[in-house]
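Report on the structure
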Amino acid sequence: ERAAGCPAVGGSYPQKNAEILSSQYGINLFLAGLLLTFAWAVHAVGISKSHLLSYLITLMLIQLLWMLWYLCRSCTQRRLIRDKDTHAGARWLKCGITLFAVITLILDSFKIGYYIDFSNCLSPTEGIFPVTHAVHTILQVYFLWCHAKDVIQSFKTLERFGVIHSVFTNLLLWTNGVLTESKHQLNEHKERLITLGFGNITIVLDDHAPQCNCTTTTLCSIFSQGIYYLYPFNIEYHILASTMLYVLWKNIGRKVEHHQQTKTPFKFHGITVGMIFGLIVLTSTIAIVVVYLIQIGGSKIKSELALTMFYLHAIFVLALMCTAGVIALLIYRLEDRSLDNSKNPARKLDAELLVGTAAGSWLLSWGSILAIICAQGHPKYTWYNLPYSVLVIIEKYIQNLFIIESIHREQEKVNEDIKTLRIVTISRGSTLSLGPLYKEIYNGRAARDSGDIPCLFKGSVCGRENDGAAVAREEMSQDNSLVMHSASDFSFYSRNSVTNNKRRILKNIAAFLFLCNLSLWIPPAFGCRPEYDNGLEEIVFGFEPWIIVVNLAMPFSIFYRMHSAASLFEVNCKT
């Protein structure tokens, strides 16, 4: 069998085994850290925060060693030509993760200041962790900027373990950030429930505050409050880093087809309408969040008004998003364009994340719908939750379909036969040759380079410039200029105009949905969470069960909005 050529097939087995082994290593690494995080959250006997932080510090140090080794090896081999995945690590994605990383560094500096103020009663690991995390963040962003597109073909087994270790290290750091931020939100939520009249729910604050006095009260207050406002950016940073590293892991040993990728820069031209409406939604959302956070918990009337205001605004925005998505899908149905089904790990991951993370919002929405149906008493503001929950489900259905179809559609190609469009104007015995209107389309060249005017369309009048005198003599009796267009010319103009109009509408829809998703990311990320404050779900399902559901589903719902915004930005560039 080996003589018959089976070594090529058999050679893939070690690499497949390495992929399986590395994935199992990463999963076990993640599960161990997840259980340690859960044990600290429930105040398990013998488990403290220092144990969890020690585990995370160890993982980060191992990743730092691997990244330094990879960077040094890449530096020594920089003259070698390496395969690159042109679809991975887009520049706008790198810029986004850099922005989140900068805010994460500010968060680490706040944690260091917080540790210094409470150093008398905090474990040394709480001071070591932010320092290690800051170094880890700086080196990881540099690594992703330089090597996110790499297709690794050497030391593949070792690299698989190094990359998957990095993926699950970032997932654990994301989990730790989500848990810490959720515990803070939960304490505020328990206090707000009293103002809404849910006094029968047991209010027990989960307090992990230091058991000593702060050296400088003002700074401590700034650090403790600022930390929780910066956590949403830290959470997004780690989930984005883990997805980029996962694509790098999937590309190890992959055979890349060498073809030139069309650059798709972002342009503001032609998306004015979408940007204006999107900015209006963004501005109004920020105003709603500010008012919500001020009013909620103040009194029962103020809390009910805040919830009603939030639901009405969200219903209006979601209805607009559904309408825009339906229009985009109808435009796609009117077009006859094939889908690109080539192997692409980055695109496949985008589609899977969209559907997977949308399940978090769907879970919360169905929980709210069941609570409204089954509850015995219904405060007035809870009825607005019903259309809101239904629209959340429908909007994600439509938006996911639009995004997934957009990223799989092949870019429109211009017919190769259309090289130049030249209009010959005949006026009073002279031929005026205007320059090509469409020049060098799809690698075409203007016919004037060869001195000829090609016949582009059947039935059109074609000729050479040097024949213009003869034609002019035949038409000397006419005083007005003549521009000759055939029926096919007009059909070309018509088709081109319709295509441009469709493209402009799609770009405006993508820009509008991009800003809407950013707008809907802001409320849950910064504490505006009616799923916590509504109170009806806690009565139907019980306080602890519903809080567990919200704490599990909310991080996925928040990530969905940011990931959708990133995907829509890409759609806008490709359209």
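Rules used in this analysis
Residues numbered from 1 in each chain as written. Predicted model: local features only at pLDDT ≥ 70, side-chain atom pairs only at ≥ 80, totals over all residues. Heavy atoms only, no water. UniProt positions renumbered as here; feature names shortened; annotations may be inferred. Helix = DSSP H or I, 4+ residues; strand = E, 2+ residues; numbered from the N terminus. Contact = heavy atoms within 4.5 Å. Areas by Shrake-Rupley, 256 points an atom, 1.4 Å probe, with all protein chains shown as cover. Salt bridge = Lys/Arg side-chain N within 4 Å of Asp/Glu carboxyl O. Buried < 20%, exposed > 50% of the residue type's maximum accessible area, 1.4 Å probe, protein only. Disulfide = S-S within 2.5 Å. Core = buried A, V, L, I, M, F, W, Y, C linked by side-chain atoms within 4.5 Å. Phe/Tyr/Trp six-rings, centres within 6.5 Å; stacked < 30°, edge-to-face > 60°. Patch = residues over 30% accessible without salt bridge, like charges linked within 9 Å, V, L, I, M, F, W, Y side chains within 5 Å. Axes fitted to C-alpha atoms, helices over the stretch in contact; angles between N-to-C directions. Parallel < 35°, antiparallel > 145°, perpendicular 65-115°, else oblique. Left-handed = near helix turned anticlockwise from the far one by under 90°. Nonpolar A, V, L, I, M, F, W, Y, C, P; charged D, E, K, R; others polar. Polar contact = N/O pair within 3.5 Å; in protein donor to acceptor, adjacent residues only side chain to side chain.

Identification of the protein as OTOP1 protein from Calcarius ornatus is taken from an unreviewed UniProt entry. Under the UniProt heading Subcellular location (unreviewed entry), the note attached to the protein is "Cell membrane".

**So, the overall build of the protein**
When you go through the protein residue by residue, the secondary structure sums to 16 helices and three strands. For the protein, long-range pairs separated by at least 24 residues make up 85% of all intrachain contacts whose partners lie at least 6 apart in sequence. Taken as a whole, the protein presents about 29,100 Å² of accessible surface, with 63% of it coming from carbon and sulfur.

**Here's the deal with the pattern of salt bridges**
Pairs can form between side chains of opposite charge whenever their charged atoms are close. Inspection of the entire model under this criterion finds four salt bridges. Between glutamate 159 and arginine 73 there is a salt bridge; the shortest N-O distance is 2.6 Å. In this pair, glutamate 159 sits in helix H6 (residues 156-195) while arginine 73 sits in helix H3 (residues 49-76), placing the two residues 86 residues apart along the sequence. Just as glutamate 159 is buried, arginine 73 falls in that class too. The partner of glutamate 395 in a salt bridge is arginine 561, with the nearest N and O atoms 3.0 Å apart.

**Considering the state of the cysteines**
With the rule as written, the count across this model stands at zero disulfides. The thiol of cysteine 75 is not disulfide-bonded; the next cysteine sulfur, from cysteine 72, is found 7.3 Å away. You can call cysteine 75 partly exposed: its relative accessible area is 43%.

**Looking at the nonpolar core**
Of all hydrophobic cores here, the largest spans 121 residues; its most connected members are Phe143, Met321, Tyr388, Phe402 and Leu513. The biggest single contributor to this core is helix H7 (residues 217-250), with 16 residues. Residues in contact with leucine 513, not counting those within four places in the same chain, are Met321, Ala324, Gln399, Phe402 and Leu568.

**Brief notes about the environment of glutamate 538**
The topology assignment puts glutamate 538 in helix H15 (residues 536-541). Since its relative accessible area comes to 3%, glutamate 538 is described here as buried.

**Some remarks on the packing of aromatic side chains**
On inspection of all chains with the given rule, the structure shows 22 aromatic pairs. With a centroid separation of 4.8 Å and an interplanar angle of 50 degrees, the aromatic rings of tyrosine 114 and phenylalanine 118 are classed as tilted. Assigned by exposure class, tyrosine 114 and phenylalanine 118 land together as buried. Both rings, one in phenylalanine 514 and one in phenylalanine 569, keep their centres 5.8 Å apart while their planes meet at 55 degrees; by these two values the pair is tilted.

**Quick look at a nonpolar patch on the surface**
Taken together, Val273, Ile276, Phe277 and Ile280 make up a surface patch of nonpolar side chains, about 390 Å² in accessible area. Counting through the fold element by element, isoleucine 276 comes out in helix H8 (residues 272-295).

**Concerning the packing of H7 against helix H16 (residues 543-574)**
Where H7 contacts H16, the two axes come as close as 11 Å, and the packing angle between them is 65 degrees. With respect to their mutual orientation, H7 and H16 come out roughly perpendicular. The element H7 and its partner H16 pack so that their crossing is right-handed. Counting all contacts with H7, which are made through Glu236, Ile239 and Thr243, the residues of H16 involved are Ile558, Phe559 and Met562. When grouped by side-chain class, the residues that make up the contact of H7 with H16 number four nonpolar, one polar and one charged.

**Some remarks on the environment of threonine 175**
Relative to the helices and strands, threonine 175 resides in helix H6. Distance from threonine 175 to isoleucine 235, taken between C-alpha atoms, is 8.1 Å for residues 60 residues apart in sequence. Apart from the residues lying within four places of it in its own chain, the contact partners of threonine 175 are Phe30 and Leu34. Side-chain polar atoms of threonine 175 contact the backbone oxygen of leucine 171, separated by 2.8 Å.

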